[in-house]
Amino acid sequence: MSGFADYPGDQVRAKVRHPIIDSDAHIIECEFVLNDYVKEIGGAELMERSRQRGRKGPAFSDNATKGLWWGAPSGRNTSDRAMAMLPKYFRSQMDRAGLDFAHMLTTNGIGGLYIPDDELRQVRCRALNTMYADMFRDVGDRIRPVAVIPTYTPEEAIRELDHAVLELGHKAVMIGTEIRTPHPDVAAAAPDLAAHAQKVTSIAMDSPHDYDPFWRRCVELGVAPLCHTSAHGARTRNSPTNYVFNHLGSFASGSEYFCRSLFLGGVTNRFPTLKFGFLECGAGWALTLLNDIVEHWEKRNVRYLQSSLDPDKLDIALMAELFEKFGDARHTAERFLQNPHHGLARPGRPALFDEFGAAGMTEVRDLRRLFCDNFYFGCEADDRMLSVAFNRRLNPVGATLKAMFGSDIGHWDVMDARSILSEAYNLIQAELITEEDFKALTFDNCAEMMLSMNPAYFDGTVIQDAAQAFLRERTPAAA
């Protein structure tokens, strides 16, 4: 892209009258420091298990899914790597980058949330959260680390959430969105092969556990669960030779799975005030999902199923008449009458007949409160498709999707941390979004997500006054 992309973000910041919030920069953890915390929390033996896991590194072999390689800034971008490792240095560069406030997301914890070893998973997550609390203690006015919350059981999730928020003081959290375990059938038949056959279960739908206590606790503590879920290594993203092939669309696919689960599993129906953030995934998939939900609702709501798809209401006499008139030597009325129900149209109802029942959807406009009002979508600066989030004509309920600016500073796809904001501003120059959309992208939507859960979220930060003014604008005056 051209134009402002070649300039530091401070030139963009000077052109706008609102703060810039980065919803998704990244920490590159020092493994040797993390292991210090693992040892302090879990002991020497667990630290050694943690160390061995860290030494495995990315999967390069021909019999495994190829993982990330050369994934951190280097060469002329060496200082960008230091930004992701040293919070005080990151803070010193924020003005030049045009950032007022930044959320720092884990790198190590993205995969660490799904470590199958229960003890190691929980200790590493607690170690990360403790390390983050120490690392960012002196820069809280402008940078906020995001704690990682493992969720293989609701009890585990609540315990670690309480520890992160109540004991360590974290205000933002990223959660595991699914349970990844060896497939039980394979484990029973061939234990040695169980590790090669994974079963993935969403925590929001068809889970073996009831996660409502965890969602309720998020509401009580005033935190919006963020997710950073990748589908890397899934059946259609498991090339042993090509990381790019595996990475393309991976975060969008992982987020789409969780978003579908939250909606159809009824989480947004049961917890209407709970906000969810989907990071580094864009918004194009979300608009596709929203429109796809409408199409399925129109043809698979209970009323339509009963009036137009119920096999018991098939007019067999009419079908026989048509077979008689338009059939052939094989397609005869007699043969049809012997087997009128087949394939996709056999009589009988499944145990769950109303598949939109848990979601609480009774008409299309319900999607505004069940989908559009609850979900926020992290978009990278150079993602031109984020523009569709602001196109009301494409949205079946005439709303906008809540896209949020996420820099992804610290990872390989940021070519210059200090000009990343200008790439987003280029979308205005390209006439893909408006100045108003840019404000929603870089301030309003992230502020709304956090403040709606915790009105004091930005207190004590450099954007406290702007956040409180924003909150007053959106809070109806008392009658």
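Calculation rules
Residues numbered from 1 in each chain as written. Predicted model: local features only at pLDDT ≥ 70, side-chain atom pairs only at ≥ 80, totals over all residues. Heavy atoms only, no water. Pairing = 2+ DSSP bridges. Helix = DSSP H or I, 4+ residues; strand = E, 2+ residues; numbered from the N terminus. Axes fitted to C-alpha atoms, helices over the stretch in contact; angles between N-to-C directions. Core = buried A, V, L, I, M, F, W, Y, C linked by side-chain atoms within 4.5 Å. Buried < 20%, exposed > 50% of the residue type's maximum accessible area, 1.4 Å probe, protein only. Contact = heavy atoms within 4.5 Å. Phe/Tyr/Trp six-rings, centres within 6.5 Å; stacked < 30°, edge-to-face > 60°. Arc of directions from axis to C-beta. Parallel < 35°, antiparallel > 145°, perpendicular 65-115°, else oblique. Nonpolar A, V, L, I, M, F, W, Y, C, P; charged D, E, K, R; others polar. Salt bridge = Lys/Arg side-chain N within 4 Å of Asp/Glu carboxyl O. Polar contact = N/O pair within 3.5 Å; in protein donor to acceptor, adjacent residues only side chain to side chain.

Draft legend 1. The arrangement of the sheet that holds strand β2 (residues 101–105) in detail. Spatially, three strands are ordered β1-β2-β3 in an open sheet, and the strand pairing comes out parallel. Looking along the sheet, the strands with just one partner apiece sit at the ends: β1 (21–26) and β3 (143–145). Here the strands of the sheet are splayed against their neighbours by 25° on average, with no regard to which way each runs. Pairing geometry for β2 and β3, over three bridges, is parallel. The partner of His103 across the bridge, within β3, is Arg144.

Draft legend 2. Representation of the nonpolar core in the model. Grouped together as the largest cluster of nonpolar side chains are 129 residues, with contacts concentrated most on Phe90, Trp215, Phe258, Phe278, Phe371, Phe438 and Phe458. Looking at which element gives the most residues to this core, the answer is helix α20 (residues 435–453), with 10 residues. Contacts of Phe371, omitting those with residues within four sequence positions, involve Cys259, Ala286, Leu289, Leu290, Ile293, Phe377 and Leu401.

Draft legend 3. Quick look at the environment of Ile115. Mapped onto the fold, Ile115 is located in the loop between α6 (108–112) and α7 (118–135). For the pair Ile115 and Arg472, spaced 357 residues apart in sequence, the C-alpha separation works out to 43 Å. The residues contacting Ile115, other than those within four sequence positions of it, are Arg53, Leu120, Arg121, Arg124 and Tyr152.

Draft legend 4. Seen up close, the packing of aromatic side chains. Enumeration over the complete set of coordinates arrives at 18 aromatic pairs. Summarising the aromatic geometry, the rings of Phe278 and Trp285 are spaced 5.9 Å apart at their centres and angled 80° between planes, so their arrangement reads as edge-to-face. Take Phe278 and Trp285: they sit in the same class, and that class is buried. Arranged with centres 5.6 Å apart and planes meeting at 75°, the rings of Phe443 and Phe470 form a pair that is edge-to-face. Of this pair, Phe443 sits in helix α20 while Phe470 sits in helix α21 (residues 464–474), placing them 27 residues apart in sequence. Accessibility assignment for this pair places Phe443 and Phe470 in one class, buried. Clustering of aromatic rings is evident, with ring pairs tying together Phe214, Trp215, Phe258, Phe276, Phe278, Trp285, Phe371, Phe375 and Phe377.

Draft legend 5. Just helix α4 (residues 78–85), in detail. Listed as buried for α4 are Asp80, Met83 and Ala84. The arc enclosing the buried residues of α4, seen along the axis, measures out at 95°, which places them on a common side. Residues of α4 that are buried sit in contact with β1, α5 (87–97) and β2.

Draft legend 6. Looking closely at the sheet that holds strand β4 (residues 147–149). Ordered in space as β4-β5-β8-β9-β10-β11, the six strands form an open sheet in which the pairing is parallel. On the outer flanks of this sheet lie β4 and β11 (402–406), each paired with one strand and no other. Each strand of the sheet is rotated relative to its neighbour by a mean of 35°, with strand direction disregarded. The pairing of strand β10 (residues 375–380) with β11 spans five bridges and is classified as parallel.

Draft legend 7. Quick look at the environment of Phe375. Take Phe375: it is sitting in strand β10. Distance from Phe375 to Gly277, taken between C-alpha atoms, is 6.0 Å for residues 98 residues apart in sequence. With residues up to four places along the chain from it excluded, the contact list for Phe375 reads Cys259, Leu262, Thr268, Phe276, Phe278, Leu370 and Lys402.

Draft legend 8. Structural detail: the packing of α20 against α21. One way to put it is that α20 packs onto α21 with a least axis distance of 10 Å and a crossing angle of 80°. The orientation of α20 relative to α21 falls into the category roughly perpendicular. When α20 is examined against α21, the residues Phe443, Asp444, Ala447, Glu448 and Leu451 are found in contact with a partner set consisting of Ala466, Ala467, Phe470, Leu471 and Arg474. Of the residues that constitute the contact of α20 with α21, the class distribution is seven nonpolar, no polar and three charged.

Draft legend 9. Molecular detail of the pattern of salt bridges. Throughout the structure, instances matching the rule amount to 27 salt bridges. Note that Glu178 is salt-bridged to Arg180, the shortest N-O span being 2.7 Å. Linking Arg217 and Glu220 is a salt bridge whose minimum nitrogen-to-oxygen distance equals 3.0 Å. Here Glu220 and Arg217 lie together in helix α10 (residues 212–221), a separation of three residues that amounts to about one turn. Arg217 sits in the partly exposed class, given a relative accessible area of 22%. Owing to a relative accessible area of 52%, Glu220 belongs among the exposed residues under this scheme. Beyond isolated ion pairs, a larger network of salt bridges with shared partners links Glu45, Arg49, Asp117 and Glu119.

Draft legend 10. Geometry of unusual backbone geometry. A positive phi angle, near 60°, is found at Asp206, a position not held by glycine. Relative to the helices and strands, Asp206 is located in the loop between β7 (198–202) and α10. The phi angle at Glu431 is positive, at roughly 60°, despite the residue not being glycine. Within the element layout of this structure, Glu431 appears in the loop between α19 (420–429) and α20.

Draft legend 11. Representation of the environment of Thr362 within the structure. Looking at the secondary structure, you find Thr362 in the loop between α17 (333–338) and α18 (367–372). Here the alpha-carbon distance between Thr362 and Gly348, two residues 14 residues apart in the chain, equals 23 Å. In contact with Thr362, not counting residues within four places along its chain, are Trp297 and Arg303.

Draft legend 12. Up close: the side chain of Asp444. Here Asp444 is to be found in helix α20. At 2.7 Å, the side chain of Asp444 forms a polar contact with the side chain of Lys439.

Keep in mind that these numbers describe shape and distance, not what the molecule does.
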